[in-house]
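# Structural characterization, general
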Amino acid sequence: MKILKGNKLNIFLASVFFFMLVAVPAYSYTITIPGTSDPWLAGASDGTTASYNPASGEPADVAPYQSPVLVGITLYAGLQLQWTATGQVGHPGDIAGPDGAASLIYSHFTGVENGISNISVPIDSLIGVFLSDSLGAVPSALDFSTLAGRDYLTISPELQQVFFLGDGLTSGSAAQTIIVPAGATRLYLGTMDGFSWNNNVGSFCIEFNTVPEPGTLVLLGASLLGLCGLRRKIN
């Protein structure tokens, strides 16, 4: 076996390290979310209804016509997701971007429904919910009514717990990160309204990027140290 020494070994080590970094790239996935996407129909079978206010005279939402959008990313506990979101939606008035209309804080009119928690968040904002293959106890409602609440750097929502995504950046332009909960097999995205998403307008475009976990980077570093140790022995 030919043994590399000196500059040739340095080049080899650098090449291996570069390859290891490239071998764990951030995976990108782009998806469109219509303004009619009702998160309280997440995972619901066709014909299931949600979000009805009899006093409004508007019809209830029905799966699959107002169902939220399933994100096509393979999930596992601890996976970190970052995203950017653009576009505008309305209910049908008060057109707003992914952060929503901050002057109008809404909760779901019927509260907990179809196993999905409630939430307090600006109208028209981009929101999501993780599900497993079966429904469990419904978690508490998260509160994103203040800018401080929406300005998180990292969030770890529970299964069936609706959470705020927005445009993916804090007010200081720092990237936000979602940590996938244990047991999650599906992520659904929708928009915020109180009831009757069926007359909403517009859409959001979201690009997700997976983030290599710290443990993966530690393994890469350990591998490089091992190669450096090999070099010392050879020299």
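These lines cover the structure that appears in this document, whether it is placed above or below. Not measured: the values here are computed from a predicted model.

### Let's talk about the overall build of the protein
When helices and strands are counted, the protein shows 3 helices and 14 strands. Within the protein, the fraction of its 235 residues that count as buried is 40%. Put simply, 73% of the contacts in the protein that link residues at least 6 apart link residues at least 24 apart. For the protein, the accessible surface area stands at approximately 11200 Å², while carbon and sulfur atoms represent 60% of it.

### Let's talk about the side chain of Thr191
Structurally, Thr191 is set in strand β13 (residues 186-191). For Thr191, a relative accessible area of 0% corresponds to the buried category. Among the polar contacts made by the side chain of Thr191, one reaches the main-chain carbonyl oxygen of Gly35 at a distance of 3.0 Å. Beyond its immediate stretch of four places on either side in the chain, Thr191 contacts Ile33, Pro34, Gly35, Ser37, Pro39, Val89, Ser125, Ile127, Trp197, Asn200 and Phe204.

### A short note on the pairing of β13
Burial analysis of β13 places 5 of its 6 residues in the buried class, which makes it a mostly covered element. Across 2 bridges, strand β4 (residues 69-70) lies against β13 in antiparallel orientation. Counterpart to Val69 in the pairing with β13 is Leu189. Sheet topology places strand β8 (residues 126-131) next to β13; 6 bridges connect them, and they run antiparallel. Residue Leu131 lies in a different strand from β13, and its bridge partner there is Arg186.

### Considering the packing of aromatic side chains
A complete count under the given rule lists 5 aromatic pairs for this structure. Ring geometry for Phe144 against Phe164: centres 5.8 Å apart, planes inclined by 35°, an arrangement best described as tilted. Taken together, the positions of Phe144 in the loop between β9 (142-143) and α2 (147-150) and Phe164 in strand β11 (residues 163-164) put the pair 20 residues apart, joining distant regions of the chain. Each member of the pair Phe144 and Phe164 is classed as buried.

### Here's the deal with the sheet that holds β4
As summarised here, the arrangement of the 4 strands in space is β4-β13-β8-β11, forming an open sheet in which the pairing is antiparallel. Bordering the open sheet on either side are β4 and β11, each of which pairs with just one other strand. Pairing of β8 with β11 involves 2 bridges; the strand directions are antiparallel. Of the residues in β11, the one forming a bridge with Gly128 is Phe163.

Cut-offs applied
Residues numbered from 1 in each chain as written. Predicted model: local features only at pLDDT ≥ 70, side-chain atom pairs only at ≥ 80, totals over all residues. Heavy atoms only, no water. Helix = DSSP H or I, 4+ residues; strand = E, 2+ residues; numbered from the N terminus. Buried < 20%, exposed > 50% of the residue type's maximum accessible area, 1.4 Å probe, protein only. Contact = heavy atoms within 4.5 Å. Areas by Shrake-Rupley, 256 points an atom, 1.4 Å probe, with all protein chains shown as cover. Polar contact = N/O pair within 3.5 Å; in protein donor to acceptor, adjacent residues only side chain to side chain. Pairing = 2+ DSSP bridges. Phe/Tyr/Trp six-rings, centres within 6.5 Å; stacked < 30°, edge-to-face > 60°.

Any link to function would need more than the numbers given here.
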